[in-house]
Amino acid sequence: MTFGRVNPQFKLEDQGIEGLGNVYYNLMEPALIEAALKRGEGTLGKGGAFLVTTGKYTGRSPKDKFIVRTPSVEDSIWWENNAPMEPDAFDLLHADMLEHMKGRDYYVQDLTGGADPANAIDVRVVSELAWHNLFIRHMLRRPDREDLDSFTADFTIINCPSFKADPAKHGCRSETVIALNFEKKLILIGDTEYAGENKKSVFTLLNYILPGKGIMAMHCSANHAPNNPVDTAVFFGLSGTGKTTLSADPERVLIGDDEHGWSDRGTFNFEGGCYAKTINLSPEAEPEIYATTEKFGTVIENMVFDPDTFNLDYEDDSLTANMRCAYPLHYISNASKTALGGHPKNIIMLTCDAFGVLPPIARLTPAQAMYHFLSGFTSKVAGTERGITEPQPTFSTCFGAPFMPRRPEAYGNLLRDKIAKHGATCWLVNTGWTGGAYGTGSRMPIKATRALLHAALNGSLNTAQFRKDPNFGFEVPVHVEGVPDMLLDPKKTWDDKAAYDAQADRLVGMFAENFAQYVPYIDDDVKAAAIG
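Residues numbered from 1 in each chain as written. Predicted model: local features only at pLDDT ≥ 70, side-chain atom pairs only at ≥ 80, totals over all residues. Heavy atoms only, no water.

Caption draft 1: Representation of the packing of helix α1 (residues 29–38) against helix α3 (residues 130–139) in the model. The interhelical angle for the contact between α1 and α3, taken along N-to-C directions, is 155 degrees, at an axis separation of 8 Å. Regarding the angle of α1 to α3, the classification is roughly antiparallel. As α1 packs across α3, the resulting crossing turns out to be left-handed. Across the interface between the two elements, Glu-29, Leu-32, Ile-33, Ala-35 and Ala-36 of α1 pack against Ala-130, Trp-131, Asn-133, Leu-134, Arg-137 and His-138 of α3. (Axes fitted to C-alpha atoms, helices over the stretch in contact; angles between N-to-C directions. Helix = DSSP H or I, 4+ residues; strand = E, 2+ residues; numbered from the N terminus. Parallel < 35°, antiparallel > 145°, perpendicular 65-115°, else oblique. Left-handed = near helix turned anticlockwise from the far one by under 90°. Contact = heavy atoms within 4.5 Å.)

Here it is as structure tokens:
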């Protein structure tokens, strides 16, 4: 049977998905929570939050993600970064998944990726789990109810955690699979309950589609000055670098926390919600995000809680360090109602340096910005991917290599051209370690990071005195109000100066070795900005 509101000309049967049990279309939050509770998918928490665990997968499984190698994308996919799947294998996977789904109940959300109607895609998400439908309803943008009557999808995602792939038959690596077929406009996800795979699949789609239209797709958060969308800032960074935390500035308007586009009209959020890490979350440091954990419908993922009081434990990482909450954007009081901004005035590239070498902030020339964007240096933080239990230094080009279907230069050239056209100021901000590497030093104080960003965004930092960093060549301020001067010079925070020099030499060598792969594809000014 069919329940809910849907375009009568665009039901699952019209897409060849037949023989299911009950199908629930576009249920709203109360009905989805009720269904998830009846099915035993989770627990109702304080304030009506929904508490859930995701089983064996508490992070993304990037090695199980594939793009189908069809003629239309053969020459435009970065195959060195994206595992291929043959079309025949995908067809078998699709057929076997549809057969597995028969007789089971499914939940469907018809949603939009992109706040700019001119550049948005309509996405149908078919979920075996009711709470996955709640999650993606938060994360993507929700059409007006009356628009559902005529909704048709550009792409469809089928997420079936109970389905296990056959590597020999389906051309994948394990029983877990995330397969994107751009030609059939279809994504299949099996054998993982981790909800983040849903949202990152849509991000991957937009990362392929938009650059083909001259639009920069960005793994970043964004905000703008109050009543002044022209004063927009974007914050590039991988998970764990502070994108969500630092963009949720009470003195600025939040555009979004993770995925954005930059078109000729300005910036726009891809999403309608936020997916924030909750480990060590506190009401003092992040009051707005903390408050969402006790709001109705917020999805609390993989957090330990007291079974009597339902109080959440923000420090217990026994399930995973990648504990999260997912909530709609309007749960943040200063969130933009339109999720639109101007052309970025400031571009911040966030890195989590586990070596303890980089300064807390540095000003970049356009060529240096291109260099650091292509390098994408950071540290993978515990829990964001399977098997990561402590920070691991890594280079993730464009600050989002796992989600980049095209070659890095496609995104780098778009960024370079837009910086040149609109005159953005670029900054590298290190939220990693100071006073030593991971294990001996300490995490950069968030109060200092906020003070530095405040000075960068209000323009006062541009008038500061700067020194040239001897290792990386960028400019570093020598004094910023509210920040200890010693913190601005990483070497001074180390007890063993010789150890710092050795660590810096090691990191410079890693940068040089990594960047060699891009040298044949870049302009001379970026080559001149390269270090090592």
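Moving on, there is more to tell.
Caption draft 2: Representation of the UniProt feature "binding site: Mn(2+)" (unreviewed entry) in the protein in the model. Within this structure's numbering, the places UniProt gives as "binding site: Mn(2+)" (unreviewed entry) are Lys-200, His-219 and Asp-258. With the annotated positions falling across 59 residues, the maximum pairwise C-alpha distance of 10.3 Å places them together in a single cluster. With respect to the helices and strands, Lys-200 occurs in helix α5 (residues 196–209). Aside from chain neighbours lying at most four places away, what touches Lys-200 is Arg-60, Lys-65, His-219, Asp-258, Glu-259 and Phe-403. A polar atom in the side chain of Lys-200 sits 2.6 Å from the side chain of Asp-258. On the secondary structure map, His-219 appears in strand β12 (residues 216–225). With residues up to four places along the chain from it excluded, the contact list for His-219 reads Lys-200, Phe-203, Phe-235, Phe-236, Gly-237, Leu-238, Ser-239, Lys-243, Asp-258, Phe-399, Gly-400 and Phe-403. (UniProt positions renumbered as here; feature names shortened; annotations may be inferred. Polar contact = N/O pair within 3.5 Å; in protein donor to acceptor, adjacent residues only side chain to side chain.)

Caption draft 3: Geometry of the pairing of strand β8 (residues 121–127). Within β8, six of the seven residues are buried, which leaves it mostly tucked inside the rest of the structure. Taken together, the seven bridges between strand β7 (residues 106–113) and β8 define a ladder with antiparallel strand orientation. Counted as the bridge partner of Tyr-107 is Ser-127 from β8. With five bridges joining them, β8 and strand β9 (residues 155–160) adopt parallel strand pairing. Residue Val-125 lies in a different strand from β9, and its bridge partner there is Ile-157. (Buried < 20%, exposed > 50% of the residue type's maximum accessible area, 1.4 Å probe, protein only. Pairing = 2+ DSSP bridges.)

Caption draft 4: Molecular detail of the sheet that holds strand β17 (residues 273–277). Within the open sheet, the five strands sit side by side as β3-β4-β18-β19-β17. Their pairing is mixed. Edge strands, defined here as strands with exactly one partner in the open sheet, are β3 (43–44) and β17.

Caption draft 5: Examining the sheet that holds β7 more closely. In space, the nine strands of this open sheet follow the order β1-β2-β7-β8-β9-β11-β10-β5-β6, with mixed pairing throughout. Either end of the sheet is taken by a strand with one partner, and the two such strands are β1 (2–4) and β6 (83–85). Each adjacent strand pair in this sheet contributes to an overall mean axis angle of 20 degrees, direction not counted. Bridge count for strand β5 (residues 65–68) against β6 is three bridges, and the pairing is parallel. Residue pairing in the sheet places Val-68 in a bridge with Met-85 of β6. Contacting β5, β6, β7, β8, β9, β10 (177–181) and β11 (186–190), helix α2 (residues 87–101) crosses the sheet at an angle of about 60 degrees to β11.

Caption draft 6: Seen up close, the UniProt feature "binding site: substrate" (unreviewed entry) in the protein. When the UniProt feature table is mapped onto this chain numbering, "binding site: substrate" (unreviewed entry) sits at Arg-60, Tyr-194, Lys-200 and Arg-324. Positionally, Arg-60 belongs in the loop between β4 (50–52) and β5. Since its relative accessible area comes to 12%, Arg-60 is described here as buried. The buried category is assigned to Lys-200, whose relative accessible area is 8%.

Caption draft 7: Inspection of the pattern of salt bridges at higher detail. Scanning all chains against the criterion turns up 31 salt bridges. Between Arg-124 and Asp-110 there is a salt bridge, with its nearest N and O atoms 2.7 Å apart. You can see Arg-124 sitting in strand β8 and its partner Asp-110 sitting in strand β7, a full 14 residues away along the chain. Asp-110 shares its class with Arg-124; the two are buried. Lys-200 is paired through a salt bridge with Glu-259; the nearest N and O atoms lie 3.4 Å apart. Residue Lys-200 is found in helix α5, and its partner Glu-259 is found in strand β15 (residues 259–263); the two are separated by 59 residues along the sequence. The exposure class assigned to Glu-259 is buried, which follows from its relative accessible area of 1%. Several salt bridges converge on common partners, so that one network encompasses Lys-199, Lys-200, Lys-243, Asp-258, Glu-259 and Glu-271. (Salt bridge = Lys/Arg side-chain N within 4 Å of Asp/Glu carboxyl O.)

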